[in-house]
Amino acid sequence: MTEFPLLTLIIWLPIIGGIVVLASGETSASISRWTALAFAVLTFVLSLGLWIGFDPTTAEMQFVERAAWIPSFDVDYYLGVDGISMPLIILTTFITIFVIVAGWEVITYKPSQYMAAFLIMDGVMVGVFSALDAILFYVFWEAMLIPMFIIIGVWGGPNRVYATIKFFLYTFFGSVFMLVALIYMYFQADSFSILDFHGLQLGMTAQILIFIAFLLAFAVKVPMFPVHTWLPDAHVEAPTGGSVILAAIMLKIGGYGFLRFSLPITPDASAALDWLIILLSLIAIIYIGFVALVQQDMKKLIAYSSIAHMGFVTLGFFVVFTIVQDPALSAGSVMGIEGGMVQMISHGFISGALFLCVGVLYDRVHSRDIAAYGGVVNTMPWFGAFMVFFAMANAGLPGTSGFVGEFMVILATFRADFWWAVLAATTLVLAAAFTLWMVKRVVFGEVKNDKVAALKDLDARETFNLGALAAAVLALGIWPAPLMNVMHSTVENLVVQAGSCKLPPDEREDCVLSRAEPVAALLDGTARP
Amino acid sequence: MQFDATNLLPVLPEIAILITASLVLVVDLYLKEADKGVNHALSIIGILAAIALTGTVGGGEAQLVFDGNLVRDGISDLLKGAILLVGLLAFVYARPWLKDRGMLVGEFYVLGLFAILGMLIMVSANGFLTLYLGLELQALCLYALVAFDRDSKRGAEAAMKYFVLGALGSGMLLYGVSMIYGATGSIEFGPVAAAVAEQGMSNKVLVFGIAFLVIGIGFKFGAVPFHMWVPDIYEGAPTPAVLLLGSAPKIAAFALAIRMLVDGLNSLHPDWQGMLVILSVLSMALGNLVAIAQTNIKRMLAYSTISHVGFIFLGLLAGSSQGYAAAMFYAIVYAVMAAGAFGILIILSREGFDAERLEDLKGLNDRDSWYAAMMALVMFSMAGVPPTVGFMAKLLVLEAVVRIDMVWLAVVAVVFSIIGAFYYLRVVKLLYFDKPAEAAPRLVTTGGVRVAMTVNGLALLVLGLFPAGLLSLCQTAFAS
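Quick caveat: nothing in here was measured; it's all calculated off a predicted structure.

Calculation notes
Residues numbered from 1 in each chain as written. Chains lettered and ligands numbered in written order. Predicted model: local features only at pLDDT ≥ 70, side-chain atom pairs only at ≥ 80, totals over all residues. Heavy atoms only, no water. Helix = DSSP H or I, 4+ residues; strand = E, 2+ residues; numbered from the N terminus. Rg over C-alpha atoms; globule rule 2.2 N^0.38 Å. Buried < 20%, exposed > 50% of the residue type's maximum accessible area, 1.4 Å probe, protein only. Contact = heavy atoms within 4.5 Å. Areas by Shrake-Rupley, 256 points an atom, 1.4 Å probe, with all protein chains shown as cover. Core = buried A, V, L, I, M, F, W, Y, C linked by side-chain atoms within 4.5 Å. Salt bridge = Lys/Arg side-chain N within 4 Å of Asp/Glu carboxyl O. Buried area = accessible area lost by both parts, 1.4 Å probe. Polar contact = N/O pair within 3.5 Å; in protein donor to acceptor, adjacent residues only side chain to side chain. Nonpolar A, V, L, I, M, F, W, Y, C, P; charged D, E, K, R; others polar. pLDDT = per-residue confidence, 0-100. Axes fitted to C-alpha atoms, helices over the stretch in contact; angles between N-to-C directions. Parallel < 35°, antiparallel > 145°, perpendicular 65-115°, else oblique. Left-handed = near helix turned anticlockwise from the far one by under 90°. Pairing = 2+ DSSP bridges. Phe/Tyr/Trp six-rings, centres within 6.5 Å; stacked < 30°, edge-to-face > 60°. Lys NZ or Arg CZ within 6 Å of the ring centre and 35° of its normal.

1. Brief notes about the overall build of chain B
If you tally the helices and strands in chain B, you get 20 helices and two strands. Its C-alpha atoms give chain B a radius of gyration of 21 Å, within 12% of the compact-globule value 23 Å for 480 residues. Judged by the C-alpha coordinates and their principal axes, chain B covers about 70 × 55 × 40 Å. Scored against the burial criterion, the 480 residues of chain B give a buried share of 63%. Residue pairs in contact within chain B that sit at least 24 positions apart in sequence constitute 80% of those at least 6 positions apart. Summed over all atoms, the accessible surface of chain B reaches about 16300 Å², with 67% contributed by carbon and sulfur.

2. Comments concerning the nonpolar core
In this structure, I95(A) and F254(B) are the most contacted members of the largest nonpolar core, which totals 396 residues. Broken down by element, this core gets its largest block of residues, 23 residues, from helix α14 (residues 321-348) of chain B. If sequence neighbours within four positions are ignored, I95(A) has contacts with V244(A), I245(A), A248(A), I249(A), G348(A), F349(A) and L469(A).

3. As for the pattern of salt bridges
Side chains that differ in charge, positive against negative, can pair when their charged atoms come close. Residue and element names in this part refer to chain B. Applying the stated criterion to the full structure yields 24 salt bridges over all chains. For R299, the salt bridge identified is with D232, shortest N-O distance 3.2 Å. With R299 in helix α13 (residues 297-318) and D232 in helix α9 (residues 229-236), the pair connects residues that are 67 residues apart, well separated along the chain. The exposure class assigned to D232 is partly exposed, which follows from its relative accessible area of 24%. Taken together, the shared-partner salt bridges connect E157, K161, D232, E235 and R299 into one network.

4. With respect to the interface of chain B and chain A
If you look at the interface, chain B gives 40 residues, while chain A gives 35 residues. When chain B packs against chain A, close to 3400 Å² is buried across both sides, 81% of that on carbon and sulfur atoms. Among the residues of chain B in contact with chain A, E399(B), I418(B) and F433(B) are the three that bury the most area, contributing 20% of the side total. With a closest N to O distance of 3.8 Å, D366(B) and K110(A) form a salt bridge. Summed over the shared surface of chain B and chain A, the number is five residue pairs in polar contact (both at pLDDT 80 or more). When residues of the side of chain B that touches chain A are traced back to their parent elements, those giving at least two are α15 (364-367), α16 (369-383), α17 (389-403), α18 (407-432), α19 (447-465) and α20 (468-477) of chain B. Looking at the side of chain B that touches chain A, the element that brings in the most residues is α18(B), giving 13 residues. Partitioned by chemical class, the residues of the side of chain B that touches chain A number 28 nonpolar, seven polar and five charged.

5. Overview of the confidence of the model for chain A
Per-residue pLDDT for chain A has a mean of 85; in total, 95% of the residues score no lower than 70. In this model, residues 516-529 of chain A is a region of pLDDT below 50 whose contacts with residues beyond four sequence positions or in other chains number 25 contacts.

6. With respect to the packing of helix α3 (residues 74-100) of chain B against α19(B)
Residue and element names in this part refer to chain B. At a closest axis distance of 9 Å, the pairing of α3 and α19 adopts a crossing angle of 140°. Classified by the angle their axes make, α3 and α19 are oblique. Relative to α19, α3 is oriented so that their crossing is left-handed. When α3 is examined against α19, the residues L89, V92, Y93 and P96 are found in contact with a partner set consisting of G448, V449, A452, M453 and N456. Across the contact of α3 with α19, the residue classes break down as seven nonpolar, two polar and no charged.

7. Remarks on the pairing of strand β1 (residues 62-70) of chain A
Residues and elements named next belong to chain A. In this structure, β1 lies alongside strand β2 (residues 75-81), joined through six bridges in antiparallel fashion. In the strand pairing of β2, A67 is matched with Y77. Here β1 folds back onto β2 in antiparallel fashion, the turn holding four residues, of which D74 has a positive phi close to 55°.

8. A few points about the packing of aromatic side chains
The full count for this structure, using the stated rule, is 49 aromatic pairs over all chains. Measuring from centroid to centroid gives 5.7 Å for F214(A) and F218(A), while their planes differ by 15°, and the two rings are stacked. Of the two residues, F214(A) and F218(A) are both situated in helix α9 (residues 204-221); the distance of four residues between them amounts to about one turn of the helix. Classification of F214(A) by relative accessible area gives buried; the value is 0%. With a centroid separation of 5.5 Å and 85° between ring planes, the pair formed by F108(B) and Y109(B) is classed as edge-to-face. In this structure F108(B) comes out as buried when scored by relative accessible area, which is 2%. Overall, Y109(B) belongs to the buried group, its relative accessible area being 0%. Following the ring pairs from residue to residue traces out a cluster consisting of F137(A), W141(A), F211(A), F214(A), F218(A), F258(A), F261(A), F318(A) and F321(A). Positioned above the aromatic ring of W141(A), the side-chain terminus of K221(A) is 4.4 Å from the ring centre. Above the ring of W437(A), the side-chain terminus of R441(A) is found at 3.8 Å from the ring centroid.

The following block contains the structure:
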């Protein structure tokens, strides 16, 4: 525990950096770029401090900062991280560096505004992951939309206006109901602290309504079938950097929301409605997998693949409720959530890298059509190698990070239900099919046309981007233990929370969850199942 | 009745405005055409002095003066300050517009100052009659301001409409007042409240009186179904007049509602609550839906006003001091946002050209990225997106209705705020994603306007990040 306000610094440093870059104006693009990069790297280095100073043996919040913000409504500036949010924060600051580098020479229209938007995004997203006050969380959650709206709308493709307004309205639609739920819980808990919400006893009707409000917010963000349609549009139209941030981090915020809010606050409603989430997750995995198969546009294909992979994340989170009802299987519940978490981090690397790959091609040929390419490996051998590697990782090849998460989730799902696991496992075939088929058509084969023949291989900047991400994918695939280690205590505590009946005493007989004793006893944070 | 000079102390801000207005009226006669800027300077100095006086004489216990016809309390201090500040912004924005069109004449300032004086009297009224006097002083000046561009047919038409419908609204209000006077035998809020508390709901005349009062309030706010005048007047009136009548008068209208419903008729809260629920839901629904179809930005902002009025009513109908504080916060914030939005329209106008259509905002980011950023802040704030203060305002009123277990109303409100987000986003889209029209010349603005717009826009952000100060002011106003 440290007195140093590290989280505040990680949140506000990039935002201040964004303002500095904005103030530097459009006079010199290179000044804007280098300033932006300096701030992004500095933020990343600072965020490593979280990893170093983190105590993995406890599930309690660390690096806590708390100060009154709006005293009359008990709204606090309350920050802290646990084993779930800390890795996601580092992912955020890490990916931002590549986004800045990827936009280096490509963005010529108002580069300082572009860089500033991503820096501000960086800080705001870290804010989402570290906020422990519901209103603070909501403020960061919504504030994220503004820079993204501008990024897609200003630097996006031809249909960008439609895509960005759709993106904004979908996410806005999802989250306002969450706001009402948060205010409702404020009057129940007499506090806006998310940790106090965890200790709340709520009746079944209230839980179900709150659960649905959260579901609307998070399902749109994840995105889950059937509210996923904004994602392909946004991805296709966004500039490369925007796609990377969307896929690598924004989607994770939805998954994070489930872990921070839905599972621990409304466990009984989650247990009652887990079939819904599991059903939607399986639809995402299978149906969206097939949809991905027929895409002609590379970015769209990767976007659909993201939806399918995020289906795994939600599946992993919600099979927990089937597992915890049988105490003999409780180890599986931890595995499900950890698998989902690993999948989120790994998908952050892989999808980010794939979008960067598409960006590399797009910058040269200005087309995202699969049909416009063929035989790229002949003119761009290094690029071909990277693209094949990331495609393999996307298909879940053992040794890459893509395998670890999927494997853990399937294993956990097996404990819950054999047939769910069978259905989930079809992804191994489907993901391989749609990714590798794309790679076959784009990378291999004869050189298709003059444009492909004229391609130049990766420059130093692009090699740095893809190389670093490849290293991350490999590292996490071969040795995921450090990541599991930091999150283990937190996930165990979360499973206890999610497995506890939080119905008020008069509804206690309806409890299906294994732990029916009062919740307060479990709230000391160190309880073990 | 003995004349007591200490009576004058609490109304010093009003006196300052009155003196300034009279001074401008006289000085203007002796000014040459080239020196008309003196009017502007005088008015600004007068308003600044009034702001300073509000701060000096304000605070502390509530004081009743002039035989209980006026009151100075926490509510009036804060609202006066807000009205004066917004009025100041309006005058600063209006100057280049008036100058370009040769309308930088004393009358604009005299009418504007008297309108502000009327609003100040409204917020410190302690009886139905004083309130009505203030209201009419404000309204008459605004009617004239709408017709200020004498050669404009649209302006004259708008002024006519405004006058007729405004008179109708005032008539309703007076009718309601007369019924309440009949039932209680008093026009001062204190005795009325006491009498109402005694009789309760049993007296049907009182309930009728309230119905007419609420209709009157609805007219003055522009709440559905009494909103018909709003879009037409916003469209037809010259932009500086819209700026004046679209911003600060909302604060005064809020005072009107608070003084009558809360100071006077608080014990009949269950009666007027139901009426306000209807007005609120209708306003949010119609305002947000119809705004989408507008191509004229002044009309769009008019419908946006209507929807914001719905949100202000949410706080009022909650009937708790928290709710009133939330509504007050919302009203003040709304006035600041409206001033910013119309300020940008004035900035975009130039000699012989008025920015009125949405297309006129196209590509502002390429023409002047600072003003584009400010307008974007205003729009995001109106849409209620954090971290701007518009979100905080919405949060507070939602909190107030959830507190009284009207969760459904909160859900309705957020649904309409999503719908509303669309047309605000469309403006941001025009600002940032579109290229400016070929003919659009460079924006030329004075330093004063730029400073005012910067303060105005950044205030929305800063208040959003640090709302505690203004909020606690609002809450202390209603704490007693």
